[in-house]
Every structure is written in structure tokens, then in C-alpha cells.
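Remarks on the overall topology
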Amino acid sequence: WVTSTAPTPEGKTKKDQEKGKENVESKKENNNNGPNDGFKGNGDADEGNEQGDDNVEENSNSAQSQGGDADQNMSYKTAVNELPEPVESSLKDILVFFDQLVGTAAMVKEFYAHLVLDPNYSEIKAEQTKEEKKDANDNASSNRSFEAGKSYLANLLQLFDALENEKKLDSLHMLFEIVKAVALLNEPKLFQFLLSDEYFMKVVGILEYDPDLHEKPLHREYIKKHVKHRQVIPVTDPEILEKVHQNFRISFFKDVLLPRALDESTFALLGDMELMNGIEIATAFHGDAEFLGKLFTLLKAKDTPKEKRAETVAFIQDLCNLAKKMQVPSRHAFYRSLIEKSGNFFGTFADILADEESTGSERVHVGDILKLSLEHDPELLRSYILDQKRHPGAPPEDANVVVPVSDFAKPEPSSDDEKKAYESDKTNGGNFSLPLMAQLIKRLVYDPEPGMQAQSCDVLRIMLDPETMEVNEKENFLNIFYKHYIQWLVYPLNFAGKENASLMYPDKPAEEKTAEDVDHMPYKLTLHREKTEEVESQSSFDSRVASLKRSRERRKRLETERVAHHHITELLSFCVQTHGYRIKYFVLRNCIVSKVLKLLHSKDKHLVLDAIRFVRTCVGLKDDFYNRFLVRDDYFQGLFAIFLQNGPRNNLINSSIIEMVEFIRMENIKKLVSYIVEKYGDVLAKVDYVDTYPALKAVYDKNMQGQDKDFNQNNDKQPVKNVKPAGQAFGAYGQLRAHEEDDEYFSESSNKKTEQKNERSGKRTQRPCCNQADVGRRQRRV
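Residues numbered from 1 in each chain as written. Predicted model: local features only at pLDDT ≥ 70, side-chain atom pairs only at ≥ 80, totals over all residues. Heavy atoms only, no water.

A look at the overall build of the chain
- Counting its secondary structure elements, the chain contains 36 helices and zero strands.
- By the burial criterion, 39% of the 782 residues in the chain qualify as buried. (Helix = DSSP H or I, 4+ residues; strand = E, 2+ residues; numbered from the N terminus. Buried < 20%, exposed > 50% of the residue type's maximum accessible area, 1.4 Å probe, protein only.)

Here it is in C-alpha cells:
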């Protein structure tokens, strides 16, 4: 309040300061003459009040001349003059008193600044004022120069139409060089001018005449024909609409018009401009509750046209992409606004995924929205899935039973109403639709759009990442996944490598397939016959066209199946790396390794590599659980069979298998080293272009020598047991442990096969004692 009413000393002239001092002195005299009388309403006080009023008016007028805020005080005084006489005189005295306080505070502030803060205060203040004036002059001069440059550019751009009509290529090439040089000045104001509505198309036209290009590009024609700014919901703010258009122009300018000519600093400047515009656009849209309400109402309405719904989903996806560049608090507010205004944010997109009439691009946009929300906060989507009460049951135990597409991961009906809904519409499930995670798994397996399959895989991977989970959330979410969903995720692997029973043809038995469905390829068709042959009939032509369509559909479905197998093995490898004991027991109980290794027989090399990668992931953990499992069921047999079948070709399959063997050697995983050398040494010995097998054999020999040495030391030396002194009881556990150690020490096998058999059956081999002294020593220890 003091700073708003008291004029600052810096802004006064010397004459105004002297006048202000006289006013303060006159106020002090009035106060000394009778400050208490003024409140009693005496005549002297009235004269002092009138003189004080004059001083107040003078001070307020001087404050107005310096740009102060004295108009507010004047309005108070105007209101005082309209009051009755006794009240008016009292309030005037109060105003005089306040003015005295203000003047005193300003003097104290000035005195404190001069003497206490810095004795050179006036000089420093004068220097600051001089620098501020210099900066203001520089800004004014730069503004004047920019205005001059802008008028020059405007006049220059106006020449373009005339030069183009006259087809003066030399002048047009010169214009191109000028605009290119202006862009390389790296000045934001110049870009604002070049990308404005008035001059952007002229700039595009000038940049078409690049002298280094042999053929002139048609950028303006492309923009006029193909670029259409569609508004899902009308945007009422013209500034936001202008920023949307400017962002498109920035992208077009740096990616199409001058991608080779711009340097890194100019690219960075344009990127910063695009970033700031995007943040302002996303902030404006998510702050408009009415706009978001209309947006989600249009998205959820059943009578919304499919094209309009697809545009709405694309718009939300663009908003989420813009929000990705926000700061974390702003991004959190953005998603909170979307969830609150939509009513059921994730459920709305689950319904779009369940719609069989949705387009591939629409589903890809939905997958991108889910992925962006997970990258911001995975807990949002996980909480939604945990709140869902219905989850699918287990798939058929018989691996040869093919589940129809409509029943894939279908939740089990728990009431009569749900059973009726389930039976009434098996295609979409009616009100008995799939949960969101089941929809993602189904889209990963069956969606004909490879982009949606990849998006589903990414979303599932982020959701299943335990590094982003809290302790309670991790336990609950992974329990639901391993109880209800992972069986459906690995279900397609039952049909991997089978030519006669494909998961993609569940409604058509294998015996009903024709030769055209299996072996017919489009390049075998002979639609152009020789002139000597008769023209085929229309029915024969129609049958060939139908056969061609079936062949294309079958190839498309088989491609979808191969992509699904690729993403499933990727997810399983991720689970093996991160999920610990849950995936261990799931792999053991369901023979997952054998199902994955079926892909070794695929004709697609990337699926063969996926199978090798999964085994390499299990080996890379260096876990005895997986090692015993791999050795027991001899899963390396398929890998080395592919290795032999591949022959001496030094390709990626050979390299991946050799790398895995090299890892086993370097880490000296003894169980696997012995298993590979003893069983597949002959296979690896044929590989002479690397030193993998000789090095592995050396490690194996060293391990065997170490075992023999330890065995001989145990036989030659008397073992020193930790026997407690006499008089101290072992206790029940101690006696049992002593028996076990003695049995282990004194047991030797004369028959190696018998020992291995007993070890598998869990029996302990009874070994004879060495001599009578050992028997006595054993009795004393017991």
C-alpha cells in the first residue's frame, strides 16, 4: 500500500522533491498546532484540515504525474465530500493522518536506503537507471530494425507472383537463396513472420525453386489438395487455432521444405517453438471442461458415424502426444481432467477395441493412447483392471481343441442373465464383453493390423513391469495375470509349427480344406493364355478370382499368426527375466519351453531366432532351476538339430547358438558345460571357424580335474569334523545332522549307474565302511 500511494524518489525531478518536502513540513506544522483539536472539530482544526486537503490534493496530483495509483485515494475523498458535515470533518482528519504516515514511511525508506544499505546507493541507482534506459533504447532500435526488415521481406515476397508469372528462373533462384539465408538467421520473430497466414504459401512457392533440384516439387499443390484441417469439436479460441496451424507449418517447413539446408541450431529453434505451442494447446484443451465433455459425448454416442469416431480417437491421441512433453504436474493434471470428464476413460477405449467394425488405424490410435497413459502413470490402467470383477477362465486342457475366435478369453458367466447375454450374441458378447486385458491379448493374437499387435505387446509389457509397481499392487496384479490371463497368452503356441491345424481357421476343419487353401499361390495362376487356346468361361474365371481371394486371405491370416508368435515369445522372455518364481513354476507345469521350441521348425527365420532367444534368456539367468529343467528334458537337442541343418553357413542362427555356448563357457555353468560336451561335443567339434568348442572342452576338463582332485583329497586326508567337547549334548537336530554328514562322507559308489538311478529316485546309496578304525571313529562321533 505504501509503494502504491507514495511517489518513488527515483521518478521525481528535483523541483518535485523540494515541493514534496514543503508539503511534509506543512503537514508537520498542522499536526503540531493541534492534532487533537482537529478530531474535536475546532475552527483551527478546520483550517488545518483545509490546508491538509490542499496538500493531499497536491501530493495526489504529483503522484498522478509520475504514474502512481492516487486515483483510488481521490475516489475515497470524493466519497468523503458527499458525507454529512460532522462525519466529513472527522474522516478528513483521518486522511490527513494517513498521508503523514505515508510521507514519513517514504522518508524512512529513502534514509535507510542511503545510510544503512549502501552509502553509494544513489550512484548505484543512477547506474541501474542508465542501464535500463540503454536496454530500452536497444529494444526500441531492434524493434525498429525488425519492422524495417519485415517490410523489406513483405515487399520481397510480393515480387514472387510476378516473377513466377514471367518465369524468370534466375530471379526465383535468387529469392530462394534469400529466404534460405533469412531462415538460417535463427530468429524467432522472422519465423513468426514467414509462417504467418499471409505469407506462408508464398514462402512455400519460393522454396519450390531450389536450384539444386532437377525437378521442381509441387508443395503448394499437395497442401491445397491433401492438407485439410478438420475440427472434431469447433475451436472457439482463435489464438489456439492459430498455434495449431503454426505447428503444422513448422513441421512442414523443417521436414519437407528445407530438410537439408537447416543447421542444428535452426532445427532446435523450430523444435522449441513447436514444443511451446503444443504445451499451450494441450493446456488450453484439457482446461476447457465444456470442450472435453462434448468430445467424450461424441466418442461414446452409439449413433456417431464411424469416420467421426475415428477422427475423435485420433484427436485424443494427438492431445496425449502433446501432453507427453509437459512437466510431470501438468501432465498429471491433464490425465486427471481426461479421466474425470470422460466418465469411463479406459472403458470407452475397451469398447472400441471390442468393436469388430473399428478400423485398423483407429485401434492403433487406441493402443497408442493406452501406451502413453502407461508411460505417464501405469497405476491408472492397472487400477482399472484390478477393479474389474470379471476375468476369463482357463482355456481347454486338450492342446488339440481349437477355441473359436468369439469365445477367446471369454469370461465365465456367473448368473442366468449373463448366460443369456452370452448366448444371445457370441460375436461381440453383448453386455458380456471382454475385460480390457483380455481385449489386448485377443488383439495381439487375432488383429490383422501388425501395428495393433505391436501396440498390444508394448502395453502388456509396460503393465507387467514389476519395477513400476508398488508392493501390494505387484502382488495383486501379478496374481490376477497368472491366474486368469497368461494361459490365454501362450494358447496360440499349441498350434505353432502345425500345418494342418491352424489357430486362424478354427471354424474350418483340416479335412475340409482344399488344395487351393494350402498350396495355391497367386503366381501359379495363368490368367493370360496363348492365342491358340480357347477363352475360358466366365464361371471358370470367377472361380479363379475367388481362389485368389482365399489365397490372399489365408496368407494374411498366417502372417498375423506369425507376428503373434513373435510377440508372445518376447513377452515370455520378459516375464522370465522379471517375474521370478511365478513364471518358473508356470514354465515347468505347462511345458512352455517345448511349446516355444516348436518355432524352430518354422520357415520364418525370425521365429527360429525367437525360440533361440527364449532359451538364451533362461540360460542367462544362471538359475539351477532352469538348468536342471533344460538338461532333464534335453531341450538343447532341437537347437543343435537346427545348427546341423543350417550347415556350415555362418549366418545369424549359427551365430546365436554359438554365442549361447560361449556364454555358458565364460560363466562356467558346470551342469550345462558337462551336458553339452558329453552329449553334443561331436556337433560342436565340426565348427572350426571359431574356438568355441576347444575352449568349452578345456573348461570341461578343468572341471573334471577339480572334481577328481577334491575326491582324492577327501580319500587321502582324514576329515576334521566339528565335534563338540565331551559333556555337551548335540541335541536332536545335532545328532541327526551328524548322521547325515557321516553317511555322506563314508558313502562311495562302486557302480556309477546305480548311484545315478538312486539319486533320481531320491534314495541314498549305502556305501561300505573303509576299515574297522573308521567304524570305531564313527561310533565315537555318534
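Next comes the rest of the account.
Section: the nonpolar core
- M463, V619 and F636 are the most contacted members of the largest nonpolar core, which has 125 residues in total.
- Those residues in contact with V619 that sit more than four places away from it in its chain are L630, F636, M660, F663, I664, I669 and L672.
- By size, the runner-up hydrophobic cluster in this structure holds 34 residues, among which are A154, L163, V203 and I223. (Core = buried A, V, L, I, M, F, W, Y, C linked by side-chain atoms within 4.5 Å. Contact = heavy atoms within 4.5 Å.)

Re the packing of helix 15 (residues 306–323) against helix 16 (residues 328–342)
- Orientation of helix 15 relative to helix 16, taken along the N-to-C sense of each, is 160°, at an axis distance of 10 Å. Taken as axis vectors, helix 15 and helix 16 run roughly antiparallel relative to one another. Residues L319, C320 and A323 of helix 15 touch helix 16, and the partners they reach there are R331, F334, Y335 and L338.
- Residues belonging to the contact of helix 15 with helix 16 are distributed by class as follows: six nonpolar, no polar and one charged. (Axes fitted to C-alpha atoms, helices over the stretch in contact; angles between N-to-C directions. Parallel < 35°, antiparallel > 145°, perpendicular 65-115°, else oblique. Nonpolar A, V, L, I, M, F, W, Y, C, P; charged D, E, K, R; others polar.)

Some points on helix 19 (residues 378–387)
- Those residues of helix 19 not exposed but buried are P378, L381, R382, Y384 and I385. Taken around the axis of helix 19, the buried residues stretch over an arc of 155°, which confines them to a single face.
- Summarising the contacts, the buried residues of helix 19 are in contact with helix 17 (345–354), helix 18 (360–376), helix 21 (436–446), helix 22 (450–463) and helix 23 (471–489). (Arc of directions from axis to C-beta.)

What about the confidence of the model for the chain?
- The pLDDT averaged across the chain works out to 74; a share of 63% of its residues lies at or above 70.
- Low pLDDT (under 50) marks residues 426–431, which in the prediction has twelve contacts with non-local residues, meaning those over four places away or in another chain.
- Across residues 718–754, confidence stays below pLDDT 50; counting only partners more than four residues off in sequence or on other chains, it has 28 contacts. (pLDDT = per-residue confidence, 0-100.)

Remarks on the pattern of salt bridges
- By the definition in use, this model includes 34 salt bridges.
- Of the charged contacts in the structure, one is a salt bridge between D604 and R562, with a shortest N-O distance of 3.0 Å. Of this pair, D604 sits in the loop between helix 27 (592–596) and helix 28 (605–620) while R562 sits in helix 25 (residues 538–578); the two residues are 42 residues apart in sequence, bridging distant segments of the chain.
- Put simply, D610 and R613 hold a salt bridge, and the shortest N to O gap is 2.5 Å. Separated by three residues within a single helix, D610 and R613 lie in helix 28, roughly one turn from each other.
- Since its relative accessible area comes to 2%, D610 is described here as buried.
- Judged by relative accessible area, which is 42%, R613 ranks as partly exposed.
- Among the charged side chains, a salt-bridge network with shared partners connects K306, R309, D355, E357 and E362. (Salt bridge = Lys/Arg side-chain N within 4 Å of Asp/Glu carboxyl O.)

Concerning a nonpolar patch on the surface
- Taken together, the side chains of Y581, Y585 and L588 present a nonpolar region at the surface, about 300 Å² in accessible area.
- Looking at the secondary structure, you find Y581 in helix 26 (residues 581–590). (Patch = residues over 30% accessible without salt bridge, like charges linked within 9 Å, V, L, I, M, F, W, Y side chains within 5 Å. Areas by Shrake-Rupley, 256 points an atom, 1.4 Å probe, with all protein chains shown as cover.)

Some remarks on the packing of aromatic side chains
- Under the counting rule described, the total for this entry stands at 26 aromatic pairs.
- Centroid distance F191 to F253: 5.8 Å. Interplanar angle 85°. Geometry classified as edge-to-face. Note that F191 is positioned in helix 9 (residues 188–194) and F253 in helix 12 (residues 238–257), a separation of 62 residues in sequence.
- Its relative accessible area of 0% is what places F253 among the buried residues.
- Summarising the aromatic geometry, the rings of F345 and F346 are spaced 5.1 Å apart at their centres and angled 80° between planes, so their arrangement reads as edge-to-face. (Phe/Tyr/Trp six-rings, centres within 6.5 Å; stacked < 30°, edge-to-face > 60°.)

Quick word on unusual backbone geometry
- A positive phi is found at N186, a non-glycine position, where the angle reads about 60°.
- Along the chain, N186 turns up in the loop between helix 8 (169–183) and helix 9.

Here's the deal with the environment of Y485
- Its place among the elements puts Y485 in helix 23.
- With sequence-adjacent residues up to four places away left out, Y485 is seen in contact with R390, H391, P392, P435, M437, A438, I441 and I480.

Structural notes on the state of the cysteines
- Enumeration according to the criterion identifies zero disulfides in this entry.
- With no disulfide of its own, C575 has C457 as its nearest cysteine by sulfur position, at a separation of 9.9 Å. (Disulfide = S-S within 2.5 Å.)

A look at the packing of helix 30 (residues 636–646) against helix 32 (residues 670–685)
- Look at helix 30 against helix 32: their axes get within 11 Å of each other, and the N-to-C directions meet at 25°. By the angle between their directions, the pair helix 30 and helix 32 is classed as roughly parallel. Pair helix 30 / helix 32 crosses with right-handed handedness. Counted together, F636, Q637, F640, F643 and L644 of helix 30 and L672, Y675, I676, Y680, V683 and L684 of helix 32 form the full contact between these two elements. (Left-handed = near helix turned anticlockwise from the far one by under 90°.)

What to know about the environment of P648
- Residue position: P648 is located in the loop between helix 30 and helix 31 (652–667).
- For P648, a relative accessible area of 78% gives the class exposed.
- Separated by 38 residues in sequence, P648 and K686 place their C-alpha atoms 9.0 Å apart.

Side note on helix 26
- Within helix 26, the full set of buried residues consists of R582, I583, F586 and V587. Looking straight down helix 26, one finds that the buried residues subtend no more than 125° of arc, so they occupy a single side.
- Just downstream of helix 26 lies C591, where phi reads positive at about 50°.

Topic: the environment of E242
- Position of E242 among the secondary structure elements: in helix 12.
- Each C-alpha atom of the pair E242 and N277 lies 9.7 Å from the other, and the pair is 35 residues apart in sequence.
- Ignoring anything within four residues of it in the chain, the contact list for E242 reads D197 and R249.

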